[in-house]
Amino acid sequence: MNFRVILFTVLVVLFSQYIFAEKQGQEKLDSLLKVLPNAKKDTAQVSLLAKLSSNIQATNPDKGIQYGERGVKLGQELGWEKGIADNNVSIGLNYTLGKSDFAKGKQYFEKALKTFEDLELKLEFGKTLVYIGIVYEKQSRFNKAIEKYEEALAIFEQLKEQERIASTLGNIGFIYRNQSDYAMALEYYQRSLSIFEKLGEKAGIAANLGNIGMLYDYQNDFTRATDYYKKALELKKELGDKTGEAALLANMGSVYLAQKDYDSALKNFVLSVDIFEEIGNKYGVASLLSNIGIVHQYKYEYIEALENYKEAINIYDELGSRTGVANNLGNIGELYYSLSQDSVMRKIKKTNYLISLNKQENLHKSISNYTQAINILEEVGDLYTRYRFILGLSNSYQLKGDYAKSLELYKEYVILKDSVFTEKSQSQIANLEAIRENEIKDKELEIKNRENEIQNLEIAQAKNERWAFIGGAIGIAFIAIIVFRQRQRSEKLLLNILPMKIAKRLKKKERLIADDIECASIVFIDLVGFTAYSKDRKASDVLQMLNDVFDKFDGLIVKYGLEKIKTIGDGYMAAAGVPEPCDDHSVRATNFSLDVHIVLKEINEQMNTDIQARVGIESGPIVAGVIGDMKFAYDLWGDSVNTASRMESTGTPGLVHISSNVKRELDTQQHNFKFEELEPMEVKGKGEMITYMVHRK
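Worth saying up front: this structure is predicted, and the values here are computed from it rather than measured.

### Regarding the overall build of the protein
Link 1 in the chain: Looking only at helices and strands, the protein has 28 helices and ten strands in total.
Link 2 in the chain: Counting only residues that meet the buried cut, the protein has 52% of its 697 residues in that class.
Link 3 in the chain: Counting only contacts in the protein whose residues sit at least 6 apart along the sequence, the fraction spanning at least 24 positions is 64%.
Link 4 in the chain: Taken as a whole, the protein presents about 33300 Å² of accessible surface, with 49% of it coming from carbon and sulfur.

Structure, rendered in structure tokens:
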């Protein structure tokens, strides 16, 4: 079952601890508000307004901006430049973190930055650089964010501001985590942790322990993740940080959920929701109720799941969170879609007026809830969640038998997913082509000029004329070679990014590339043991090892005629039968997958390592096309892609796990494989499946 899980993370703890070092909670805010009416119109009031502005950003950013603007005005009347800059920083925080208006926030930070630079206030200058880094981070401009953080880090190191050094290291680690560069993220988190430990700063220690736990969580190293979460949890309890405690319990619950330990997951989620209720954090309560509903849904306890989803909707509705309402309506849509599948209906433990065994009734409810969720998300402009629910709605219509509506929605899903990226992709291709064409024109102009020179030469003696001609011909040939090489280099660059067929289509300015491929084979590979290998090694060594492994895989891609789709961390995705369909795609994919284990065995023998791979394959229909943001990319979508991922995640290291669809495809081809049928297994989103391990005879 493919649920949308809304999880709390401890990452916010690190940021709130760093950005708002002065913030001491509601008690501090109340004391500031009490002082304000009696404050004199002096520099102390300017500072007070700046503190009020920054402290209120999370609950009332509009009011926070008003306080900041009052502070700026009073600072101008008093001619106090630092006070003006302090209030500009506070206004920037309200726009950035309170209203998510990053461009406006950056404007105020840059005003303050200029003032702090002119006044030679290095500490304030460094702090403001961090805030600008956060703006870039929120905009996913990660290279710019790291640039600002490193500038700030240099200043803090010069000033020997150890706590700010540690916090900035943690911020850089967060960037690398967002880029799935877990080795680099771990390095920065550990450096931050080491400093906080020397300072005895428990809040910083707890934040980094939680963040390191999350890294292991993302890599499915659940044992280490749980260990770090537990250590962080103990510190949060010591500090009396109820929000951090609840967030860590939620994260631990998600770890147990991933391991299908539903009782432990439920226990942690319930403890978390109890704490959020105690401190009056209604958003936390609503989010955890959604998670509790998901656990019940996994346990086929559909009545309890619905009750939790509906309670979450009521709270989100009260809070005015339309996105929260939509997310849970989508969860309910998924629940009723799941109930419409025969393999699931057999496992229902009890029914009532909410839960029916009528397939068409369940599909009607699924479609209704998905549609409500999608309409709300369209109104609030949430593209990411909307296109995911559109895919769910397409699946519901398909199960209902309305294939025309299902196809219409699936096309909408593909277009919506690509719409954010397509325009930039086309622009980048056009720029690349323009550069190449300009280079060629420049070289052609050189050739033309050279020809004119030769034609205008009047040499009296025939010998000189002959040598001049030869020299000119050699020059032309030399320049022609340069042009040819420029063409080759541009073409090679393009083909390193995209398949040849797709590159040609993009060069012809085709606006949307989304191809329905009737049947292809998708391969997912995940390296097992690579996390352990990475521990305590330099980032450069880890990267070199990963590069060596993937180079070998790339060689197999060429050998068997597959298309490399992408790498994600230490994961690798490839496909056979795209973009050019072929009948023997299943044979190619299987040979490639089996050879992956041979290649890894050779590497392990050479490097004295123990790295294995889980490999999964699925065959079936897909949609293939081009997406892009900062870099365009060829990618695949569809249920077959999801199933291939499930085959990998439920596979066994050292073996190749395939679905019955792959076996059926192989049985239509000549091959040298044998199959080991496994016990029926529950596969998320698919129900019960018959799967196989495949070997060479």
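On we go from here.
### Observations regarding the nonpolar core
Within soluble globular proteins, side chains that are nonpolar tend to cluster in buried spots.
Link 1 in the chain: Counting residues in each nonpolar core, the largest one holds 112 residues, and the members touching the most others are Leu 335 and Tyr 413.
Link 2 in the chain: In terms of residues, this core owes the most to one element, helix α10 (residues 182–199), which gives nine residues.
Link 3 in the chain: Excluding residues that lie within four positions of it along the chain, Tyr 413 makes contacts with Tyr 387, Ile 390, Leu 391 and Trp 637.
Link 4 in the chain: Of all hydrophobic cores here, the second largest spans 37 residues; its members include Leu 527, Phe 530, Ala 574 and Leu 600.

### Overview of a negative patch on the surface
Link 1 in the chain: Judged by side-chain charge, Asp 274, Glu 277, Glu 307 and Glu 311 come together as a negatively charged surface patch.
Link 2 in the chain: Tracing the backbone through its elements, the reader meets Asp 274 in helix α14 (residues 262–279).
Link 3 in the chain: Residue classification places Asp 274 among the partly exposed residues on the basis of a relative accessible area of 40%.

### What about the packing of helix α7 (residues 122–138) against helix α9 (residues 162–178)?
Link 1 in the chain: It is the contact of α7 with α9, at a shortest axis distance of 12 Å, that shows an interaxial angle of 15°. For the element pair α7 / α9, the angle class is roughly parallel. Crossing angle aside, the handedness with which α7 passes α9 is left-handed. Contact residues: Leu 123, Lys 127, Val 130 and Glu 137 in α7; Arg 164, Thr 168, Asn 171, Phe 174 and Ile 175 in α9.
Link 2 in the chain: In terms of residue class, the contact of α7 with α9 is built from four nonpolar, two polar and three charged.

### Let's talk about the confidence of the model for the protein
Note that predicted coordinates carrying low pLDDT should not be read in detail.
Link 1 in the chain: Summarising the model, the protein shows a mean pLDDT of 79, and 76% of its residues fall at 70 or more.
Link 2 in the chain: Predicted confidence in the protein is weakest over helix α1 (residues 11–19), with a mean pLDDT of 35, and strongest over strand β6 (residues 656–659), with 95.
Link 3 in the chain: Note on residues 1–27: pLDDT is under 50 here. Beyond four places in sequence and across chains, it has 97 contacts.
Link 4 in the chain: Low pLDDT, under 50, characterises residues 457–494; the predicted model gives this stretch 35 contacts beyond four residues in sequence or across chains.

### So, the state of the cysteines
Link 1 in the chain: Going through the model one piece at a time under the given rule, you end up with zero disulfides.
Link 2 in the chain: Cys 582 supplies the cysteine sulfur nearest to Cys 519, a cysteine that is in no disulfide, at a spacing of 9.7 Å.
Link 3 in the chain: The exposure class of Cys 519 is partly exposed, given its relative accessible area of 22%.

### Here we look at the packing of aromatic side chains
Link 1 in the chain: Summed over the entire model, instances satisfying the criterion amount to 14 aromatic pairs.
Link 2 in the chain: Consider the rings of Tyr 182 and Tyr 218, whose centres lie 6.2 Å apart with planes at 45°: the pair is tilted. Remark: Tyr 218 occurs in helix α11 (residues 202–218) and Tyr 182 occurs in helix α10; sequence separation between them is 36 residues.
Link 3 in the chain: Among the aromatic side chains, those forming a connected cluster through ring pairs are Phe 550, Phe 553, Tyr 572 and Phe 592.
Link 4 in the chain: The ring of Tyr 228 carries Lys 231 above its face, with NZ or CZ at 5.2 Å from the centroid.
Link 5 in the chain: Its guanidinium or amino end placed over the ring of Tyr 397, Lys 405 lies 6.0 Å from that ring's centre, counting from NZ or CZ.

### Describing a positive patch on the surface
Link 1 in the chain: Taken together, Lys 41, Lys 63, Arg 70 and Lys 73 make up a surface patch of like positive charges.
Link 2 in the chain: Note that Lys 63 resides in helix α4 (residues 61–78).
Link 3 in the chain: Overall, the relative accessible area of 33% leaves Lys 63 in the partly exposed class.

Rules used throughout
- Residues numbered from 1 in each chain as written.
- Predicted model: local features only at pLDDT ≥ 70, side-chain atom pairs only at ≥ 80, totals over all residues.
- Heavy atoms only, no water.
- Helix = DSSP H or I, 4+ residues; strand = E, 2+ residues; numbered from the N terminus.
- Buried < 20%, exposed > 50% of the residue type's maximum accessible area, 1.4 Å probe, protein only.
- Contact = heavy atoms within 4.5 Å.
- Areas by Shrake-Rupley, 256 points an atom, 1.4 Å probe, with all protein chains shown as cover.
- Core = buried A, V, L, I, M, F, W, Y, C linked by side-chain atoms within 4.5 Å.
- Patch = residues over 30% accessible without salt bridge, like charges linked within 9 Å, V, L, I, M, F, W, Y side chains within 5 Å.
- Salt bridge = Lys/Arg side-chain N within 4 Å of Asp/Glu carboxyl O.
- Lys, Arg positive; Asp, Glu negative; His and termini not counted.
- Charge placed at Lys NZ, Arg CZ, Asp CG, Glu CD.
- Axes fitted to C-alpha atoms, helices over the stretch in contact; angles between N-to-C directions.
- Parallel < 35°, antiparallel > 145°, perpendicular 65-115°, else oblique.
- Left-handed = near helix turned anticlockwise from the far one by under 90°.
- Nonpolar A, V, L, I, M, F, W, Y, C, P; charged D, E, K, R; others polar.
- pLDDT = per-residue confidence, 0-100.
- Disulfide = S-S within 2.5 Å.
- Phe/Tyr/Trp six-rings, centres within 6.5 Å; stacked < 30°, edge-to-face > 60°.
- Lys NZ or Arg CZ within 6 Å of the ring centre and 35° of its normal.

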